[in-house]
Structures are given as structure tokens and as C-alpha cells.
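Residue strings, one per chain:
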Amino acid sequence: MSWFRRRRPDPAPEPVVHLPNPREAAEAFWVGWLDLLPTTSAALGDGEPHRVENQLCDLVAAVHPDLHFSLERGHRAIYALVVSGQEDPRLRPYTDAWIEAAPPEDMIWEYHDSVPPVPDPTEVTVNLAGHRLRLGDFRVVAQVDEAEGVVDVAVYHPELGELGEEARRAMTFLPLDVTLGERLAGERLGRVETAENEPSDTIDLLELRHLVRTLAGADEPPPPGE
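Here's a quick rundown of the structure.

The rules we used
- Residues numbered from 1 in each chain as written.
- Predicted model: local features only at pLDDT ≥ 70, side-chain atom pairs only at ≥ 80, totals over all residues.
- Heavy atoms only, no water.
- Helix = DSSP H or I, 4+ residues; strand = E, 2+ residues; numbered from the N terminus.
- Buried < 20%, exposed > 50% of the residue type's maximum accessible area, 1.4 Å probe, protein only.
- Polar contact = N/O pair within 3.5 Å; in protein donor to acceptor, adjacent residues only side chain to side chain.
- Contact = heavy atoms within 4.5 Å.
- Phe/Tyr/Trp six-rings, centres within 6.5 Å; stacked < 30°, edge-to-face > 60°.
- Salt bridge = Lys/Arg side-chain N within 4 Å of Asp/Glu carboxyl O.
- Pairing = 2+ DSSP bridges.
- Axes fitted to C-alpha atoms, helices over the stretch in contact; angles between N-to-C directions.

**Comments concerning the side chain of Thr95**
Inspection of the secondary structure puts Thr95 in helix α3 (residues 92–100). Taking relative accessible area as the criterion, Thr95 reaches 2% and is therefore assigned buried. A polar contact of 3.2 Å, which involves the side chain of Thr95, links it to the backbone oxygen of Arg92. With residues up to four places along the chain from it excluded, the contact list for Thr95 reads Leu67, Val83, Ser84, Gly85 and Asp113.

Structural data, given as C-alpha cells:
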């Protein structure tokens, strides 16, 4: 689960200098990250990540102001730092340089240049706009476009119709991102729609993951029960 995922909060504390060279910007980020690391670790250990939010916003914005970041529970380490361009090709040189310059992972920190998939999205519950939505209750209609190598999807949850437009859109894409990971979702999902009524012939999120990874040529065992 993320502690926060955002760019600089409004109002911006101070202007930051954005370095146009991706490699130089990445190297400057990691110098600042190492300086801030003891404070960051202490804030997370105390359950108060907001104490370092502004400083981290400054570091990321100095790489490029359109980048997003989050602090997550790690898969291989205790914590994960994610810096993402949300699959914007303009930002790929910056995220590529950022991950190439990253320090080695250890037991405490791992690093990702796109939002990674969670191990089992069906175990995740999202609290949004007064609703608790279990991702395990989401169903998806998936149509494979073999010619384009993508999957068109319609996403359904019984409570999506009760959400406002912005929240409904967010909860249409969030299950896909946490299931596939941001990069695979960007590469292999075509048209994405919200289904107002429960469709027939749906699959769950783990089945969708297997379908998309198989289309992408990833080596993955089938989901349980198949």
C-alpha cells in the first residue's frame, strides 16, 4: 500500500531547478536521496511519512517536474521508492537514467522506475470516497486484439456506479495498474472502459494478469484453479 503517490503538493514550497540532462539530474537526485535517507527512514519508522514529503517532492521535481513518485511497501525489501513517468515517452529518458544510477538494493530499500504489480491484487482493499472496494470483487471483460497485440477491457465493480466521475475513472484504471504493473498495462492494454452493468463472460484480475502476460510472451504459470 502507498503512503503517498503524488507530485509536489500545492502550494509549492519553493521553486526547484530542473536539470535538462537526464544523467546529471539522476545523479543529483541520488546524492540528495542519500542525504535525506536517515530522515526518511526515521519518518517511515515513526509512521509519519508526511515529515519528508516536501523534501522528496523537491528531489523528484528537480529530475523532471512531470514525474510522479510514491513510497510503498517493498516486495523484496521493507520499503520501495517508485519514480514514474506514467508511460509518457517524453519522460522515459529521465526514468531510465534514474534507475540506472540507483544504488544497489538492500534489505531496507528497493527502487522501481514504474509502478510494479502487487503480488496478489485480489487481497487489496481500497478506501475511496466513503467506499471500501475489494479488488477481488472486480470483474473484467477482456478481448484480445491479436493484430495489435493488445487487450481491450471493460472493468466492472458493483459500487463503481456510486462513485463520482473522477473517482470512478481512477478505480477503473487502478486495479489494472496494480494487477499488471504500470509498464505492462501501458504496453498491452488497448481500449479501457467502465462497465455500468455486470457483463457476462468476465474474468478476475489474476486471470487478466495471466492473459496479458501470456500475450506479452512472459513465462508465467496459470492462475490457481486452471
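**Some details on the packing of aromatic side chains**
For the structure on display, the rule yields nine aromatic pairs. Measuring from ring centre to ring centre gives 6.3 Å for Trp30 and Trp33, while their planes differ by 85°; the resulting arrangement is edge-to-face. One end of the pair, Trp30, and the other, Trp33, are both in helix α1 (residues 22–45), three residues apart, so they sit about a helical turn from each other. Trp33 sits in the buried class, given a relative accessible area of 0%. Geometrically, the ring pair formed by Trp30 and Tyr111 is edge-to-face, given 5.0 Å between the ring centres and 80° between the ring planes. Remark: Tyr111 occurs in strand β4 (residues 109–112) and Trp30 occurs in helix α1; sequence separation between them is 81 residues. Under the relative-accessibility criterion, Trp30 is labelled buried at 5%. Taken together, the aromatic side chains of Phe29, Trp30, Trp33, Tyr79, Trp98, Trp109 and Tyr111 make up a single cluster linked through ring pairs.

**So, the environment of His50**
Note on placement: His50 falls in the loop between α1 and α2 (53–63). Classification of His50 as exposed rests on a relative accessible area of 53%. Distance from His50 to Thr40, taken between C-alpha atoms, is 9.6 Å for residues ten residues apart in sequence.

**Quick look at the pattern of salt bridges**
A side chain of one charge can pair with a side chain of the opposite charge when the charged atoms of the two come close. Summed over the entire model, instances satisfying the criterion amount to ten salt bridges. Here Arg51 ties to Glu48 by a salt bridge, and the two come within 2.6 Å at their closest N and O atoms. Within the structure, one salt-bridge network assembled from shared partners comprises Asp46, Glu48 and Arg51.

**Overview of the sheet that holds strand β7 (residues 139–145)**
Taken in spatial order, the three strands make up an open sheet running β7-β8-β9, and their pairing is mixed. The sheet is open, and its two borders are formed by β7 and β9 (189–194), each paired with just one other strand. In this sheet, adjacent strand axes meet at a mean angle of 15° when their direction is disregarded. As defined by bridge partners, strand β8 (residues 150–156) adjoins β9 across four bridges and the pair is classed as parallel. Looking across to β9, one finds that Val151 is bridged to Leu189. The strands that helix α4 (residues 165–180) touches are β8 and β9; relative to β9, the one it contacts most, it runs at about 140°. The sheet contacts of helix α6 (residues 205–215) involve β7, β8 and β9, and relative to β7 the element is tilted by about 15°.

**Things to note about unusual backbone geometry**
Positioned with a positive phi, Asp201 is a non-glycine residue whose angle comes to about 60°. As for its placement among the helices and strands, Asp201 is situated in the loop between β9 and α6.

**Overview of α6**
Every buried residue of α6 is listed here: Leu205, Leu208, Arg209, His210 and Val212. Sitting at the amino-terminal end of α6 is Asp204, which places a side-chain oxygen 3.2 Å from the backbone nitrogen of Leu206. Once α6 finishes, Gly217 follows within two positions and takes phi at roughly 85°, a positive value.

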